[in-house]
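Here are the chains, one letter per residue:
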Amino acid sequence: MNFYQKLPSFVDFSDLTHDRHYETVPDDWLIIVADIKDSTQAIEAGRYKDVNTLGAAVIVAVHNKLDEGSFPFVFGGDGATLVIPPENLGLVKHQLISLRTMAHAQFNMSLRIGVVPVSELSGVQLEVAKLKIAGDRSLGVFRGGAITMAEDMVKQKDSRYHLTENADTSNVTADLSGLSCRWHPIAPTRDYAMSLLVKSRSGNDIYDKVLSEISDLYEGNPEQANPINLDSAQYRTIRQCLEDERRYHRNLWSFKFAWRIIEIIGAVLIFRHGILIPKKASKYTRSMGRHSDYRKFDDMLRMVIDCSKSQADQL
């Protein structure tokens, strides 16, 4: 159960192809795959924030039930992939089913969730590394083809891996404590925010070359590609925050929602108006760039980078 917690982390993203960072995931562990069905159409309709937030909610719901840092995960934008020990499935199953129900009832979206045992994946491997991003925070890095295969298996119509209900979950509400999306979209400092997806057909060399090229484009400091431009970051208003928040609560007359209202008012005063604790607020805001998962790897290199037209053309 402590396999991932004991795994040493690495800090340089360009080292993601180094074998020494990876360990094989135990055969009895489980891959949880969650994604929004028809997410492309939803994003085209302007609902990208709903899609993204529900994808992140999957990670939060599981995180709030399991020990900190006990499982690896990767956020995919329109969903998430997590790998957990089998003993923990019972702790998170009802949370995920409740979240799926909420997505349908309050967002009019279909959240597809499946569970695939690692032992049932043939011809591929599931290897994981731990990328340290800031403090004790880390992201899972996956390779070997197992994540891609598991996603394909779950996305099949009538897949036997879909998570099903075998108990009454009507009274279960997913714990989404800590989930928030209260910043306005951040504009790039250069010409573009580029979405870059690279899947190699011939081993790791291509990833090394792409990452080396990006480093050269930023004069040896690839961190400059981080799209989180803190100078233009702006917090939403109380009304805007409440409009988003209410959809994550079944009962708007509950103590839980009342507490969230108080918390939102405080957060807006701190981050939008600079009242109460400006030094701590400034420190938190500066840390957002370091905590961002603007680059990740799960059988594919995925990056969102801030770049000029010249850098984009060269890349």
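Above this text you will find the structure in question.
Criteria and cut-off values
Counting from 1, residues in each chain are numbered in the order their sequence is written. Totals for whole chains, interfaces and linings use all residues, but because this is a predicted model, local features are given only for residues with pLDDT of at least 70 and pairs of side-chain atoms are given and counted only at 80 or more. Only hydrogens and water are set aside; all other atoms, that is, all heavy atoms of the structure, feed into the side-chain values. Throughout, nonpolar core names a set of buried Ala, Val, Leu, Ile, Met, Phe, Trp, Tyr and Cys residues whose side chains join them through atoms within 4.5 Å. Partly exposed residues are those whose accessible area sits between 20% and 50% of the maximum for their type, while under 20% is buried and over 50% is exposed, using a 1.4 Å probe and protein chains only. Secondary structure elements follow DSSP: runs of H or I of four or more residues count as helices, runs of E of two or more count as strands, with numbering from the N terminus. Grouping into patches uses exposed residues only, defined as over 30% relative accessible area, and leaves out salt-bridged ones; the cut-off is 9 Å for like charges and 5 Å for nonpolar side chains (Val, Leu, Ile, Met, Phe, Trp, Tyr). For the area figures, the Shrake-Rupley method with a 1.4 Å probe applies, and any residue is considered shielded solely by the protein chains shown. The rule for a salt bridge is simple: a side-chain nitrogen of Lys or Arg has to be within 4 Å of a carboxyl oxygen of Asp or Glu. The aromatic pairing rule takes the rings of Phe, Tyr and Trp, using the six-membered ring of Trp, and pairs them if the centres are within 6.5 Å, calling planes under 30 degrees apart stacked, those over 60 edge-to-face and the rest tilted. A ring is scored as having a charge over it whenever the NZ atom of a lysine or the CZ atom of an arginine sits within 6 Å of its centre and within 35 degrees of its normal. Strand pairing is defined by DSSP finding a minimum of two bridges between the two strands. Axis angles are defined between N-to-C directions and span 0 to 180 degrees, where every axis is a line fitted to C-alpha atoms and, for a helix, only to the segment in contact. Here, two residues are considered to be in contact whenever any of their heavy atoms come within 4.5 Å of each other.

A. Representation of the nonpolar core. In terms of nonpolar packing, the biggest core is built from 37 residues, with Ile32, Val58, Leu82, Leu96, Leu99, Leu111 and Leu176 touching the most fellow members. For this core, the secondary-structure elements that each account for two or more residues are β3 (30–36), α2 (48–63), β4 (73–75), β5 (79–84), α3 (89–107) and β6 (111–117).

B. View of a nonpolar patch on the surface. Judged by side-chain polarity, Ile238, Ile265, Leu269, Ile275, Leu276 and Ile277 come together as a nonpolar surface patch covering roughly 460 Å² of accessible area. Positionally, isoleucine 238 belongs in helix α6 (residues 238–245).

C. Quick look at the pattern of salt bridges. For the structure on display, the rule yields 18 salt bridges. Ionic pairing is found between arginine 112 and aspartate 35, a salt bridge with its closest N-O pair at 2.8 Å. Of this pair, arginine 112 sits in strand β6 while aspartate 35 sits in strand β3, placing them 77 residues apart in sequence. Among the salt bridges present, the one from aspartate 306 reaches arginine 190, with a minimum N-O distance of 3.4 Å. One end of the pair, aspartate 306, is in strand β11 (residues 301–307); the other, arginine 190, is in the loop between α4 (146–155) and β9 (192–198), and 116 residues separate them in sequence.

D. Representation of the packing of aromatic side chains within the structure. Per the stated rule, a full pass over the model turns up seven aromatic pairs. Relative to tyrosine 235, the ring of tryptophan 183 has its centre 4.9 Å away and its plane inclined at 90°; by these criteria the two rings are edge-to-face. Of this pair, tryptophan 183 sits in the loop between α4 and β9 while tyrosine 235 is found in the loop between α5 (205–217) and α6, placing the two residues 52 residues apart along the sequence. Here tyrosine 235 falls in the buried class, since its relative accessible area comes to 5%. Ring centres of tyrosine 207 and phenylalanine 297 lie 4.9 Å apart, and the angle between their planes is 85°; this geometry places the pair in the edge-to-face category. Within this pair, whereas tyrosine 207 is found in helix α5, its partner phenylalanine 297 is found in strand β10 (residues 295–297), the two being separated by 90 residues in sequence. Note on phenylalanine 297: relative accessible area 4%, which makes it buried. The side chain of lysine 130 reaches across the aromatic face of tyrosine 4, ending 4.6 Å from its centre. In this structure, arginine 143 packs its charged tip against the face of tyrosine 22, placed 4.0 Å from the ring centre.

E. Expanded view of the sheet that holds β11. As summarised here, the arrangement of the three strands in space is β9-β11-β10, forming an open sheet in which the pairing is antiparallel. The open sheet has two edge strands with one neighbour each: β9 and β10. In this sheet, neighbouring strand axes are inclined to one another by 15° on average, regardless of whether the strands run parallel or antiparallel. Sheet topology note: the β9/β11 ladder contains seven bridges and is antiparallel. Bridge pairing links alanine 193 to aspartate 306 in β11. Along the sheet, α5 contacts β9, β10 and β11; its crossing angle with β11, the most-contacted strand, is approximately 15°.

F. Spatial organisation of the environment of leucine 301. Along the polypeptide, leucine 301 turns up in strand β11. We classify leucine 301 as buried; its relative accessible area is 0%. With 23 residues separating them in the primary sequence, leucine 301 and proline 278 have C-alpha atoms 37 Å apart. Beyond its immediate chain neighbours, meaning those up to four positions away, leucine 301 contacts Phe13, Leu16, Leu196, Leu197, Val198, Tyr207, Val210, Leu211 and Lys296.

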